[in-house]
Amino acid sequence: MQGQQVFQLSGFQEGHRLESRILEEKVQKAVEDGYRLLEIEAYGQHGIGGRLWKAGGEPLHVKITGSTGQRVGAMGFPNTRIEVFGPASDDAGWLNGGAEIIVHGHATNGIANAMAQGKIYVAGNIGARGMTMTKRNPRFDPPELWVLGSAGDYFAEFMAGGIAVICGYQPQDAENVLGHRPCVGMVGGRVFFRGAHKGYSKPDAKLIPISDEDWNWLTENLTTYLTAIGRIELYTHLTNREQWQLLEARGPHEKFSTPRRSMDEFHRDVWDSELGRGGLIGDLVDFDRSPVPVIASGYLRRFVPIWENRKFAAPCEVSCPTGIPVHERWRLIREGRVDEAVDLALAYTPFPATVCGYLCPNLCMQGCSRNAARMLPVDVSQLGRASIKAGLPTLPPQTGKRIAVIGGGPAGISIAWQLRQQGHEAVIYDMHPELGGKIAALIPRSRIPDEVLQAEIARVKTAIPHVNLQQRLNRSDIEELKEEFDFIVVASGAQKPRVIPIPGKEKLVPALEFLRRSKQNKAKVGERVVIIGAGNVGCDAATEAHRLGAREILLVDIQPPLSFGKERKEAEAIGAKFRYPCFSKAVVDEGLELSTGEIIPADTIIISVGDLPELDFLPESVQTERGFIKVDSDCRTTDPKIFAVGDAVKVGLLTEAIGAGRKAAAKIGDLLAEREPLPMVPREKIPYSRVKLEYFDPRLMRFDGVDSCASQCSSCGTCRDCGICTTICPQSAISRRETPESYEMVVDPEKCIGCGFCAGACPCGIWNLVENEPIE
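In this convention, every chain numbers its residues from 1, walking through the sequence in written order. Whole-chain, interface and lining totals are the exception, using all residues; otherwise, since this is a predicted model, local features are given only for residues with pLDDT of at least 70 and side-chain atom pairs are given and counted only at 80 or more. Excluding hydrogens and water, the side-chain values take into account all heavy atoms of the structure.

**Student:** Honestly, the overall build of the protein chain in this entry has me stumped. Any pointers?
**Tutor:** Numbered from the N terminus, helices here are DSSP runs of H or I no shorter than four residues, and strands are runs of E no shorter than two. Tallying secondary structure elements over the protein chain gives 22 helices and 34 strands in all. Note on method: radius of gyration uses C-alpha positions; expected globular size equals 2.2 Å times residues raised to 0.38. Over its C-alpha atoms the protein chain spans a radius of gyration of 35 Å, topping by over 25% the 28 Å that the globule rule assigns to 776 residues. Once the C-alpha set of the protein chain is aligned to its principal axes, its extents read approximately 105 × 70 × 55 Å. Evaluated residue by residue, the protein chain yields a buried proportion of 50% over its 776 residues. Working definition: with a 1.4 Å probe on protein chains only, accessible area under 20% of the residue-type maximum means buried, over 50% means exposed, and in between means partly exposed.

**Student:** Explanation requested: a nonpolar patch on the surface in the structure shown.
**Tutor:** Like charges are joined within 9 Å and nonpolar side chains (Val, Leu, Ile, Met, Phe, Trp, Tyr) within 5 Å, but only among residues with over 30% relative accessible area and no salt bridge; these make up the patches. A 1.4 Å probe and the Shrake-Rupley method give the accessible areas. Residues count as covered only by the protein chains that appear here. The salt bridge definition used is simple: a Lys or Arg side-chain nitrogen within 4 Å of an Asp or Glu carboxyl oxygen. Nonpolar side chains collect at one region of the surface, where Met 263, Phe 266 and Trp 271 lie side by side and expose about 290 Å² of accessible area between them. Along the chain, Trp 271 falls in helix H5 (residues 263-275). Its relative accessible area of 33% is what places Trp 271 among the partly exposed residues.

**Student:** For this particular structure, what's the right way to read the sheet that holds strand E22 (residues 552-556)?
**Tutor:** Strand-to-strand pairing in sheets goes through backbone hydrogen bonds, with the strands running parallel or antiparallel. Strand order in the open sheet formed by five strands is E20-E27-E21-E22-E23, with parallel pairing between adjacent strands. Looking at the sheet topology across the chains shown, the edges are occupied by strand E20 (509-510) and strand E23 (577-579). Pairing of strand E21 (residues 528-532) with E22, which is carried by five bridges, proceeds in the parallel orientation. In the sheet register, Ile 532 faces E22, and the bridge partner there is Val 556. Against the sheet, helix H17 (residues 536-547) makes contact with E21, E22, E23 and strand E27 (604-607), and its axis sits at roughly 170° relative to E22, the strand it touches most. Pairing between strands is defined by DSSP: at least two bridges between the two strands are required. Throughout, a residue-residue contact means that at least one pair of heavy atoms, one from each residue, lies within 4.5 Å. For helices, the axis comes from a line fit to the C-alpha atoms of the stretch in contact; other axes are also lines fit to C-alpha atoms, and the angle between any two N-to-C directions lies between 0 and 180 degrees.

**Student:** Please clarify how H17 should be interpreted in this entry.
**Tutor:** Because each turn of an α-helix spans 3.6 residues, side chains separated by three or four positions in sequence point in the same direction. Look at H17: 17 Å from first C-alpha to last across 12 residues, which is about the 16 Å you get at 1.5 Å a residue. Among the 12 residues in H17, nine count as buried, and that is most of the element. Every buried residue of H17 is listed here: Asn 536, Gly 538, Cys 539, Asp 540, Ala 541, Ala 542, Thr 543, Glu 544 and Ala 545. Contact partners of the buried residues in H17: helix H16 (511-519), E21, E22, helix H18 (565-573), E23 and E27. Positive backbone phi, at 120°, marks Gly 549, one or two positions downstream of H17. A helix is expected to span 1.5 Å for every residue after the first.

**Student:** I keep staring at the pairing of strand E24 (residues 584-588) and nothing clicks. Help me out?
**Tutor:** Remark: a regular strand shows side chains that alternate across the two faces of the sheet. Looking at chain direction, E24 and strand E25 (residues 591-594) are connected through four bridges and run antiparallel. Across the sheet, Ala 586 pairs through a bridge with Glu 593, a residue of E25. Where E24 hands over to E25, the hairpin turn is made up of two residues, counted between the paired strands.

Written out as C-alpha cells, the structure reads:
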C-alpha cells in the first residue's frame, strides 16, 4: 500500500500528448497499486478522475492542473475527491455516482448531467444545460451542485432529483442568474438561487417560500462549499436571506392542473422561433414543419402492446436441471410468504437444503439475467440453506400401486419422493448401510454439514418408510420384483471405477473408495499425493487428502481440468496443483511414471477418471449402451416395466439425477392412471434483452439474507405487479384488472397510442410491442 504517497502523472510524456485511454489506464493502475493521492497535469484528456472503484471504501484525492478535457469526474465513485485547479470543460461530473468534484474556476456546458450522487462545487459560472436529467436514489443523499456565479440556458432541464444552489455572485447578467428557460421538464429536486431571474417553466416548477429548515440547511452547507473553493470570506455577503429564492418541481397532480400551451402556441412561439424562418435551419430546408394533426390510437396504431405474462420462462428456471421455479420462490419471499417459498422446493426435490444450499454448482445463478449486466446474480444458496426448515408436505392417501426403486441415492430418493406425492407406494432397495448414496457416503463433510443432510434424510424416511438397506440384488431378484411391483426403477448409480491399463495399476486407489473410507475416518495417505484425473471428484479427493495430512498434492490430467465451482476452489485453497497434459505410463515404487519418462514422486496415487454402473443384476430384456442403461426420453428402458435414472444412465450432476427422477415419476404416474400425458411444450427462455436491470444497484457486492436476494430478483418473464407500466403510460391506457385466479394488465385501445413506453420500462420483460394488423 502506497497510502498518502503522492503519485504524479503528466499527460505529456516524451514529447507527445498521452491519449485519454492511456492516461486513464495509468491512473487506474496507480489506484490499484495503493496510491490514494494523485496529482495529474492534464493536456486536454477526457474523463480524468472517473470510475476509480478500485480504491474500495478508502478516501481518494485527485488533483488536476492544466487543461482538462470533457467529462472530468464522469461516473465518479463515493470517497473520491477530485479538484480541478482551473476551469472545467463540458460534461464535468457526468453520471457522477458519489464523487466530490471541486472546480476552482468556471465550468462549461452539461455539468452534473445525469448525476445520481455526490457533490459538485464550482467557483465560477457554468454553461448551458447544467444539472440536467439528474436523479436521486432515496437510499442515499441527493446529488448537489453549487455554483458561485450564474447558470447558463436550460438549467435543470428534465431534473428528476437533487439540489442545486446558484449563489449569483457577480454574474455577468445581474438580472438573470438562471439563464434562458430553466426547469423545463423538471419532475423532481430543488433549486436555491440568489438574485433575479427572467422566468422559468411554470408548468414544471414553482416558487415556494424558504422555510427555517431550508435556510438552516443552506447556510450550514454554504460554509462547507465556500471552504472547499477557498472563498469563505464571502459567507456574510451571501447569507442575506431576503436575496434567496427557492424553486421546486411540481407534483404530478399539480402539473395535471396547470394550464399548458396549445400545440399551435408552441409551434408559433417556440418551434418556429428556433427552427423556422430565421432560426437555426429554417433557411436551409424546405420540408413541411406543420404539426402532425393526429396521434393514432385504436386500429390506427402502428404498434400494439401485448402483456405476455408467463409466456417465457425465467433463465434461472430453464438452467435448473430439477426445474425449480426459482423466481416464484423469490416472489413469495417478497410477499412475506417465506414458509411457502421454502416449502415450494419440496414439490421438486427432496434435498432443497443439501443440494440447492451446499452441493449444487447453482446453474440457476449462472443463468441469472443479472450476469448479462455484470451484476452479482441472486444468491439461491441462501434460500437453499433456509429450506432446512421446510416441513413434510401433506401426503395423499395411497393408491395401492407399488414401485420398487433400486438405489437409495439422489436419483432413487427423488423418484420415490415424487411417486409418494402422487399417492403411490415406493420401496427402496440399496446395498449400502445408509441411505443417501454418494451424498451420504462420499462427499466430504467440509462441503455439507452432517446435521443438514441427516435432517433431510429423516424427512425422506418419514415420507418413504419402506427402505431396505444392505440388499444386493441379482437377476432372479429383479424377476421377482417385476411380479410383485407395478414398475421397477433402477437408480443404482455408477460405483465401478474406471482404471487405466498400465503396469502397477493394482497400486492405484479408486477415488470413490478413498472418499468412502475417508468419510469413515479409515483412509490413510502419505505426504505426497498424486491424483490422476482433475475433475470435481478428483478435487474432493485432494481436499480430503489434505485433511488427512498430505502436504504435496498434484492433480494430473490429459486435458485441461474439467473441474469447476466449489470443488475446484476448495482444492486450490488447500494448495493443490494442477498439471496437464500428462499421460500415465506406469505406477512404480517411486511414484507415477509419465510417458515422457519423468517420474512424479508420490506416496499415494489416487485415480479419478470416471466410473461405470454395475449392471450384472439386470435382466437381458434391459439393453445397455457403452456400459450404461439405454432409455428413451421418458427414462423408460427396453423393458416396459423397468425405468432407469441417474448415473446408471449417464453420469452427471446431482440436480440432473433429481430432475430425471421427477420426469420418470411423471411418466409412471400417467401409466398407472391410464391417462394420456399432457403435452409438455417447454417454454422458451426469455431473451435477456427484454429484462430491464436499470432498477437495481449494480454496485451490490453481497446479499444480506433472503429478503435482500428477493428484492434484487427482476422476476424475468413473470409480472412483479410493480405498477411501473400503469404509471409510465402517458395516456393512462393500462389498468390492472382482478381475475378469479389473480390479476391481469389490460390496455384500452382507444387510449393507447402504441408508444412502447410500457415495453421499454418493464423490469420483467412482460410487455411486447408488436405490429398492428394492417388496415385493409
